[in-house]
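A look at the structure
Next come the chains, spelled out residue by residue.
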Amino acid sequence: MGGLWSLRHTARSATLLGAVFLALGAAGPAVAVAVASPIAFACGSAMAGLGAGLTFNGNLRGIAEVTTADSRSGVFSAVRVVSYAAPSLPSLAAGLLIPSWGLKATRCLSIGFVGILSLIALDHADCSRSGGPAGRARPHRPDPTAPAPPARRGRPRVPDNRERSRHDMSTH
């Protein structure tokens, strides 16, 4: 749902809005634990899911803007590996802490950790938006004064029909 909703926003605003929803979504389970409310837990989980979709899609779109076509697949692969592996590490740590700290203390620590990370992401996205310390990476554009790259070995590359413009197609 968040991924679809992010299509209505720019990459930056989707990331910023997603960070807000992640921070609010982290507060939902904390409230649910305090008042023993399954409805608060479900609402917090839905908000966190919406935030995750918004930030993930917004970040991928932002990365696509600043990477070259040649490196984009490798960068996207690394982003996917990190984004799927990262949530497992706090879960494993929580599992190791439960025997010594107890379930309630570990749950509160885990919720607080997610909330703090969400607020850091929100601050980072806001700094990037205002041109602060994170700044904005510029898309890679070749330097027109740079020497041409070395020629490829083997057969020269011939563009296929998809790469030709409609005008070229109509004149042949």
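Everything in this summary refers to the structure shown in the same document. (Residues numbered from 1 in each chain as written. Predicted model: local features only at pLDDT ≥ 70, side-chain atom pairs only at ≥ 80, totals over all residues. Heavy atoms only, no water.)

What follows covers a nonpolar patch on the surface. Residues Phe113, Val114, Ile116, Leu117 and Ile120 make up a contiguous nonpolar surface patch of roughly 460 Å² in combined accessible area. Along the chain, Ile116 falls in helix H6 (residues 103–129). (Patch = residues over 30% accessible without salt bridge, like charges linked within 9 Å, V, L, I, M, F, W, Y side chains within 5 Å. Areas by Shrake-Rupley, 256 points an atom, 1.4 Å probe, with all protein chains shown as cover. Salt bridge = Lys/Arg side-chain N within 4 Å of Asp/Glu carboxyl O. Helix = DSSP H or I, 4+ residues; strand = E, 2+ residues; numbered from the N terminus.)

The N-to-C vectors of helix H3 (residues 38–66) and helix H4 (residues 69–85) enclose an angle of 155°; their axes lie 11 Å apart at closest approach. Of the possible angle classes, the one that applies to H3 and H4 is roughly antiparallel. Read as a crossing pair, H3 and H4 show a hand that is right-handed. Facing H3, whose interface residues are Phe56, Leu60, Ile63 and Ala64, H4 presents Arg72, Val75, Phe76, Val79, Arg80 and Ser83. (Axes fitted to C-alpha atoms, helices over the stretch in contact; angles between N-to-C directions. Parallel < 35°, antiparallel > 145°, perpendicular 65-115°, else oblique. Left-handed = near helix turned anticlockwise from the far one by under 90°. Contact = heavy atoms within 4.5 Å.)

Note that Val31 resides in helix H2 (residues 11–35). For Val31, a relative accessible area of 44% puts it in the partly exposed group. Considered as a pair, Val31 and Gly44 are 13 residues apart in the sequence and their alpha carbons are 8.7 Å apart. (Buried < 20%, exposed > 50% of the residue type's maximum accessible area, 1.4 Å probe, protein only.)

So, about unusual backbone geometry. It is generally the case that most residues other than glycine have a negative phi and that most peptide bonds are trans. Of note in this structure, Ala36 is not a glycine but carries a positive phi near 55°. Accessibility expressed as a relative area gives 65% for Ala36, which makes it exposed.

Spatial relationships are all this shows, so hold off on functional conclusions.
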